[in-house]
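Take a look at the letters that make up each chain.
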Amino acid sequence: MSARIEPLARSGRRSLNALPLAGSAHVWFDTVRPWSGDAVRAVARGPESDRLSALRAPVAGLALDRPRIMGILNVTPDSFSDGGDLPSVEAAVTRAREMAYAADILDIGGESTRPGADPVPETEEIARTVPVIAAIREAGLATPISIDTRKAAVAAAALDAGADIVNDVSAMSYDTAMAGLLAERDVPVCLMHAQGDPKTMQANPTYDDVVAEVADYLETRIEAALAAGIGRDRIILDPGIGFGKTLQHNVSLLRHLAVYHDLGCPILLGASRKRFIGTLGGAEAAKDRMPGSLAVALHAAAQGVQIIRVHDVAQTRQAMNLHLALNGAPNGTEHEAD
Ligand code: HH2
């Protein structure tokens with residue numbers, strides 16, 4: 001694998017040599033740190049600076065020069081923080097309408113992937129998600145929708161019903177038909193790192209260097225996607241917070257999120273309400289973890305993360321607008337009009 005580098009992400013007043021980080025309007029860098037070995041150095045002009053500074057391709061029509069908020073809409077009985085909250089299609093559409101004021105993307109999931117979860121049969125997952133997607137579209141909501149699934153048949157049915165993006169926490173490794181489907185449909189896909197499967201992943205996660213190993217894995221999944229005929233500009237990457245990671249692994253990944261910009265694709269982060277937030281923030285109940293989730297969302301924005309997956313959409317939008325305005329985005333208030 002290639003040597004990893006970490007651009008040192010900064011906000012606010014720019015240096016003379018500042019380059020936008022991944023095309024961001026509010027995060028810049030002028031130095032990089034080789035992941036192992038040498039000390040901080042100025043970014044090398046040429047392929048290195050081009051790769052790190054280029055604006056990534058839009059996702060479902062959304063420009064990625066600012067952080068986009070992905071609202072979580074779980075239609076499951078057993079998700080770790082909101083399972084059973086939306087027991088009917090009507091309840092899900094009402095929630096989608098509320099979220100659409102502040103979310104750029106709605107992420108609809110019909111299978112919990114929390115630690116210890118059992119797989120859901122594909123017919124059941126389709127029965128949970130597809131009527132909701134169809135009803136959201138029938139209600140006239142045009143917000144881009146992602147389908148959170150590891151299964152090609154679920155993804156296909158969701159895309160047919162009006163979804164735009166596939167969010168696969170197995171990075172196309174659970175279902176061998178997924179890569180072919182994504183190439184054929186030519187839609188954006190989020191490829192997420194996980195160590196192990198949900199049933200056992202938290203048993204004893206181990207890494208020598210979690211930041212580098214996750215980057216190496218994501219690079220192999222980019223290669224698999226390209227080999228299957230998926231366009232590079234369709235790929236979104238996610239380090240998979242909480243998927244086969246200890247608290248310390250999660251913290252290391254979050255501190256060094258900017259490492260993943262070197263892979264040249266947009267980054268998605270899903271940390272909302274996860275256990276490490278409860279542990280570090282002293283909030284036992286998942287629904288009490290909104291303040292800590294906001295802190296992580298703003299930290300991710302400051303690292304140039306382009307898509308932030310959250311449960312508390314309106315609160316994240318409010319915090320994000322302030323963060324952008326205070327950190328020198330050209331116009332932090334413009335986001336309200338999106
Ligand atoms: N986390 C969860 C589910 N899907 N997708 C991506 N790309 N990244 C994530 O971190 C991620 C994800 C787990 O959170 P949640 O959907 O709230 O819970 P559950 O899996 O129990 O439904």
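Below or above, wherever it landed, is the structure these notes cover. Remember, predicted model here, so these are calculated numbers, not experimental data.

About the cut-offs
- Going along each chain's sequence as written, the residues are numbered from 1 onward.
- For a predicted model such as this one, the threshold for reporting local features is a pLDDT of at least 70, and the threshold for listing and counting side-chain atom pairs is 80 or more; totals across whole chains, interfaces and linings nevertheless cover every residue.
- Computation of side-chain values: all heavy atoms of the structure, hydrogens and water removed.
- Only runs of H or I of at least four residues qualify as helices and only runs of E of at least two qualify as strands under DSSP, and these elements are numbered from the N terminus.
- In this scheme, a residue with accessible area under 20% of its type's maximum is buried, one over 50% is exposed, and one in between is partly exposed, where area comes from a 1.4 Å probe on protein chains only.
- Only when DSSP finds a minimum of two bridges between them are two strands counted as paired.
- Interaxial angles span 0 to 180 degrees and are taken between N-to-C directions of axes, which are lines fitted to C-alpha atoms, for helices over the stretch in contact.
- Note that the term roughly parallel is reserved for angles under 35 degrees, roughly antiparallel for angles over 145, roughly perpendicular for angles of 65 to 115, and oblique for everything else.
- Between two residues, a contact is recorded if the distance between any of their heavy atoms is within 4.5 Å.
- By the convention adopted, Pro, Cys, Tyr, Trp, Phe, Met, Ile, Leu, Val and Ala count as nonpolar, Lys, Arg, Asp and Glu as charged, and the other residues, Gly among them, as polar.

**Looking at unusual backbone geometry**
Excluding glycine, a negative phi dihedral is what most residues carry, and trans is how most peptide bonds are arranged.
Next, step 1: Although it is not a glycine, Ala22 sits at a positive phi angle of roughly 50°.
Next, step 2: By secondary structure assignment, the location of Ala22 is in the loop between β2 (19-20) and β3 (28-29).
Next, step 3: Positive phi outside glycine occurs at Ala60, with the angle close to 45°.
Next, step 4: Take Ala60: it is sitting in the loop between α1 (47-53) and β6 (68-74).
Next, step 5: Using a relative accessible area of 30% as the deciding quantity, one classes Ala60 as partly exposed.

**Some words on the sheet that holds strand β4 (residues 31-34)**
Hydrogen bonding along the main chain pairs the strands of a sheet, whether they run parallel or antiparallel.
Next, step 1: Read from one edge of the open sheet, three strands run β1-β4-β5, paired in antiparallel fashion. In the strand order of this sheet, the two ends are held by β1 (5-7) and β5 (41-42), each with one partner.
Next, step 2: Looking at chain direction, β4 and β5 are connected through two bridges and run antiparallel. Directly across from Thr31, in β5, lies its bridge partner Ala42.

**Overview of the packing of helix α6 (residues 210-227) against helix α7 (residues 247-255)**
Next, step 1: One way to put it is that α6 packs onto α7 with a least axis distance of 9 Å and a crossing angle of 70°. As far as their axial angle goes, α7 and α6 are roughly perpendicular. Along the contact surface, α6 presents Val210, Val211 and Val214, while α7 presents His249, Ser252 and Leu253.
Next, step 2: Looking at side-chain class alone, the contact of α6 with α7 contains four nonpolar, two polar and no charged residues.

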